[in-house]
Amino acid sequence: MITDEIFAQLKTVDRKLTENEFTTKYLKTSRSYLCNRRNKGRDVSNDVLLNLYGELAGIGSVWRSAAATESNQRLQSRWQQMAEFHMALAGDVVHRLLERAKA
């Protein structure tokens, strides 16, 4: 599932992120949603992927805005990297949605 891939990527920058937090914050679903989908052998819905896209793109936008106003070059660079990271993940979600639409 793409959600597992995205969760693993997010864990590389936020080691404290739990699957429960990911499910409620990023997917906007109940804590048990992913577990139920896995048990049924089903992928997440398009609506949930849209929620994930919105959250990732929103976080990327916040990082980008923060970087644009930061005068410390080191912090500005780090925050821009975080923006690009989240926007790339959002792009992966959109790509998956488009693949589904073609199928």
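For the structure itself, look to the data block above.
These lines cover the structure that appears in this document, whether it is placed above or below.

Definitions and limits used
Within every chain, residues take consecutive numbers counted from 1 along the sequence as written. Confidence filtering applies because this is a predicted model: local features only for residues at pLDDT of at least 70, side-chain atom pairs given and counted only at 80 or more, and all residues used for totals across whole chains, interfaces and linings. The basis for every side-chain value is the complete set of heavy atoms in the structure, and neither hydrogens nor water enter the calculation. Segments assigned H or I by DSSP are reported as helices when at least four residues long, segments assigned E as strands when at least two residues long, and all are numbered from the N terminus. Under the scheme applied here, a residue whose accessible area is under 20% of the maximum for its type counts as buried, over 50% as exposed, and between as partly exposed, the area being computed with a 1.4 Å probe on protein chains only. Should any heavy atoms of two residues lie within 4.5 Å, those residues are considered in contact. What we call a nonpolar core is a set of buried Ala, Val, Leu, Ile, Met, Phe, Trp, Tyr and Cys residues that are connected through their side-chain atoms within 4.5 Å. To estimate the expected span of a helix, count its residues, drop one, and scale the result by 1.5 Å. Working note: the arc is built from the helix axis to C-beta atom directions.

What about the overall build of the chain?
- When helices and strands are counted, the chain shows five helices and zero strands.
- Starting at the N terminus and walking to the C terminus, you meet the elements of the chain as α-α-α-α-α.
- Dimensions of the chain, computed from the C-alpha atoms along their principal axes, are close to 50 × 30 × 20 Å.
- When burial is assessed residue by residue, the chain has 31% of its 103 residues classed as buried.
- Within the chain, contacts between residues at least 6 apart in sequence are counted, and of these 59% link residues at least 24 apart.

Topic: the nonpolar core
- Core analysis: the biggest nonpolar cluster contains 22 residues, and I6, L10, F22, Y26, L52 and L56 have the highest contact counts within it.
- Listing elements by their share of this core, those giving two or more residues are α1 (2-13), α2 (19-26), α3 (33-40), α4 (46-69) and α5 (73-102).
- The greatest single-element share of this core, amounting to six residues, is contributed by α4.
- Ignoring anything within four residues of it in the chain, the contact list for L52 reads T3, I6, F22, Y26, L27 and V93.

Structural notes on α1
- When the terminal C-alpha atoms of α1 are compared, their 18 Å separation across twelve residues agrees well with the 16 Å that a helix rising 1.5 Å per residue should span.
- If you check which residues of α1 are buried, you get I2, T3, I6, F7 and L10. Projected down its long axis, α1 shows its buried positions confined to an angular sector of 130 degrees, all on one face.
- Buried residues along α1 sit in contact with α2, α3, α4 and α5.

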